[in-house]
Amino acid sequence: MPPTEPSTYRPGGTALVVTIPEAEPLVGHWRSRLDAAAADGVPAHVTILYPFLDRDRLEEVALGRLIAAHPAFDVRFTGCGRFPGVLYLAPDPERPFRELTEAVAGRWPEAPPYGGRFASIVPHLTVADQQEPELLDRVEAELIAGLPLTARVREVRLLVSDGRRWREDRAFALGRA
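To keep things clear, this report deals only with the structure shown in the data block. (Residues numbered from 1 in each chain as written. Predicted model: local features only at pLDDT ≥ 70, side-chain atom pairs only at ≥ 80, totals over all residues. Heavy atoms only, no water.)

Focus: the packing of aromatic side chains
Next, step 1: What the rule picks out here adds up to six aromatic pairs.
Next, step 2: A centroid spacing of 5.5 Å and a plane angle of 85° characterise the contact between Phe52 and Trp108, whose relative ring orientation is edge-to-face. Placement of Phe52 in the loop between β2 (45-49) and α3 (60-68) and of Trp108 in the loop between α4 (95-107) and β5 (125-128) is noted, with a sequence separation of 56 residues between them. Across the pair, exposure class does not vary: Phe52 and Trp108 are buried alike.
Next, step 3: Members of the aromatic cluster, each reached through a chain of ring pairs, are Tyr9, Tyr50 and Trp166. (Phe/Tyr/Trp six-rings, centres within 6.5 Å; stacked < 30°, edge-to-face > 60°. Helix = DSSP H or I, 4+ residues; strand = E, 2+ residues; numbered from the N terminus. Buried < 20%, exposed > 50% of the residue type's maximum accessible area, 1.4 Å probe, protein only.)

The structure is reproduced here in structure tokens:
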């Protein structure tokens, strides 16, 4: 989600995330040590859209309606995945996360996922970022022992940066299944 250097956060910048508090007992220790976003106030989450609009440009009513058009859902994390230097928990199903991302980015095309840096959307819950493969191997072995993990996704949260840290601004409820 957010960059690992606080100096690169824009004051008023936003992110849309689904927090997964059920994951904190499993990943919190590792995230606090191996994912700078955790130290910057970002809880365990699956990103819907980052970077999003600046806070002062946000259309809350339109965003709330768009998110409410998607039903709440259950998610399981049964395994891990990797990007270069990154270890994450992989959500199942991932489709509802992807559909939320596509819907928000489709409504606000000036805010493509991850600034348009990646060709595809891969929903994930980052545990470790910018780490060596050997360390990721050790962390993954410990995480696997604590899986599966299940959660109910009921809302999307808006995080806002003050330039150094992230704070929750508000939550937008998903619709009923």
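Read on for the rest.
Brief notes about empty space enclosed by the protein
Next, step 1: Within this structure, the stated rule accounts for one cavity of 30 Å³ or more.
Next, step 2: Put simply, the largest cavity is a space of about 80 Å³.
Next, step 3: In terms of lining, the largest cavity is formed by Val46, Thr47, Ile48, Leu49, Tyr50, Thr101, Pro113, Tyr114, Ile121, Val122, Pro123 and His124.
Next, step 4: Broken down by element, the lining of the largest cavity gets its largest block of residues, four residues, from β2.
Next, step 5: Its residues placed into classes, the lining of the largest cavity shows nine nonpolar, three polar and no charged. (1 Å grid on protein atoms, 1.4 Å probe; cavity = no way out; pocket = protein on both sides within 12 Å on 5 of 7 lines; lining within 4 Å. Points joined across faces, edges and corners; volume = space filled by probe spheres on them. Nonpolar A, V, L, I, M, F, W, Y, C, P; charged D, E, K, R; others polar.)

Some remarks on unusual backbone geometry
Backbone geometry follows two general trends: most residues other than glycine have a negative phi, and most peptide bonds adopt the trans configuration.
Next, step 1: Across the junction of Asp92 and Pro93, the peptide omega takes the value 5°, indicating a cis bond.
Next, step 2: A cis geometry characterises the amide bond from Leu147 onward to Pro148, with omega recorded as 10°.
Next, step 3: Looking at where Pro148 falls in the secondary structure, it is placed in the loop between α5 (133-145) and β6 (149-153).
Next, step 4: In this structure, Gln130 is a non-glycine residue whose phi angle is positive, near 60°.
Next, step 5: Overall, the relative accessible area of 59% leaves Gln130 in the exposed class.

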